[in-house]
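Observations on the three-dimensional arrangement
One-letter residues, chain by chain:
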Amino acid sequence: MAVPLCALLRSARAPARLLLRAPARLCSAGTQFQYLVVEKKGAKQNVGVIQLNRPKALNALCNGLMNEMNQALDSFEKDPHVGAIIITGSEKAFAAGADIKEMQNSTFQECYGGNFLAHWNRVSLVRKPVIAAVNGYALGGGCELAMMCDIIYAGEKAQFGQPEILLGTIPGAGGTQRLTRAVGKSLAMEMVLTGDRISAQEAKEAGLVSKIYPVEKLLEEAISCGEKIAGNSKLVTAMAKEAVNAAFEMTLTEGNKMEKRLFHATFATDDQKEGMAAFVEKRKAKFTDH
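Here we summarise the structure given alongside this text. This is a predicted model, so every value here is computed, not measured.

Parameters at a glance
Residues numbered from 1 in each chain as written. Predicted model: local features only at pLDDT ≥ 70, side-chain atom pairs only at ≥ 80, totals over all residues. Heavy atoms only, no water. Pairing = 2+ DSSP bridges. Helix = DSSP H or I, 4+ residues; strand = E, 2+ residues; numbered from the N terminus. Axes fitted to C-alpha atoms, helices over the stretch in contact; angles between N-to-C directions. Buried < 20%, exposed > 50% of the residue type's maximum accessible area, 1.4 Å probe, protein only.

**What about the sheet that holds strand 8 (residues 159-161)?**
- Read across the sheet, four strands follow the order 4-6-8-9 without closing on themselves; strand pairing throughout is mixed. Edge positions in the open sheet fall to strand 4 (93-95) and strand 9 (197-199), since each of these has one partner strand only. The mean inter-strand angle of the sheet, taken between neighbouring strand axes irrespective of direction, is 20°.
- With three bridges connecting them, strand 8 and strand 9 associate as antiparallel partners. Considered in strand 9, the bridge of Phe160 is made with Ile198.

Dropping the structure here:
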């Protein structure tokens, strides 16, 4: 679940500056988006960038936006040239939460019967690596969205929080689960029970964020990371991601067994042969994703 900062900071209406000068654009599949700006970036155009584009609502996550997010993710997932995906927002807000006006009158029967928010989980099921580039507010659903990604880069002024308790509810899109796994029980419990936020620096110290950059450099650095990832074998990268994610779902013994199976499986790929041959021959590997 999620809480929009606009419900808490109604006076915040600064326009987004990062990439938001352009109207909704077309993704590779030709789909036009109302709530997103979707592009390919990088020198080889091999990094997909999905930018939330609801500046007046501080990128609050409405149902339409999340449906478009899933469409964009599916498009990049199918694109053989894209090796990594970035999700970002504006300099003011990554995403200030869910659209509370959209959900405030929902009933238990509607939520439970319709499996409310289940489609948000698509981000965590993408096989290609997903990087969250977080500037500004990542609160409620915004924080949950970032945690569904594989890597979180934060701008210096980023803030993370799960303030659902202040609205008489609790996180419903993984906040209590992913946050606890990322920062530990004590800090997660404090954030969920008080609604307090943590800074980018605190998030990095707690293990929620991997790197912090100046606000204006954040997206550039995220794209750079995406290019590094996209330069590797996409097939083996998917195996590596699967193995790391298994650590959150399995015991150490089970996880090690799965890792071994995936490790052995890489020896059935052309890219393993090419990568090791290139190392021995002291040249750069040319992966073919086979």
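**Comments concerning unusual backbone geometry**
- Even without a glycine there, the phi angle at Gln45 is positive, about 55°.
- Its location among the elements puts Gln45 in the loop between strand 1 (36-41) and strand 2 (47-52).
- The class for Gln45 is partly exposed, based on a relative accessible area of 40%.

**A few points about the sheet that holds strand 2**
- On the basis of which strands lie adjacent, the open sheet formed by six strands has the order 1-2-3-5-7-10 and mixed pairing. Each of the sheet's edge strands pairs with one partner strand only, and the pair in question is strand 1 and strand 10 (211-213). Across the sheet, the axes of successive neighbouring strands diverge by a mean angle of 20°, strand direction being ignored.
- When strand 2 meets strand 3 (residues 84-88), the two strands line up parallel, connected through five bridges. Within strand 3, the position partnered with Gln51 by the bridge is Thr88.

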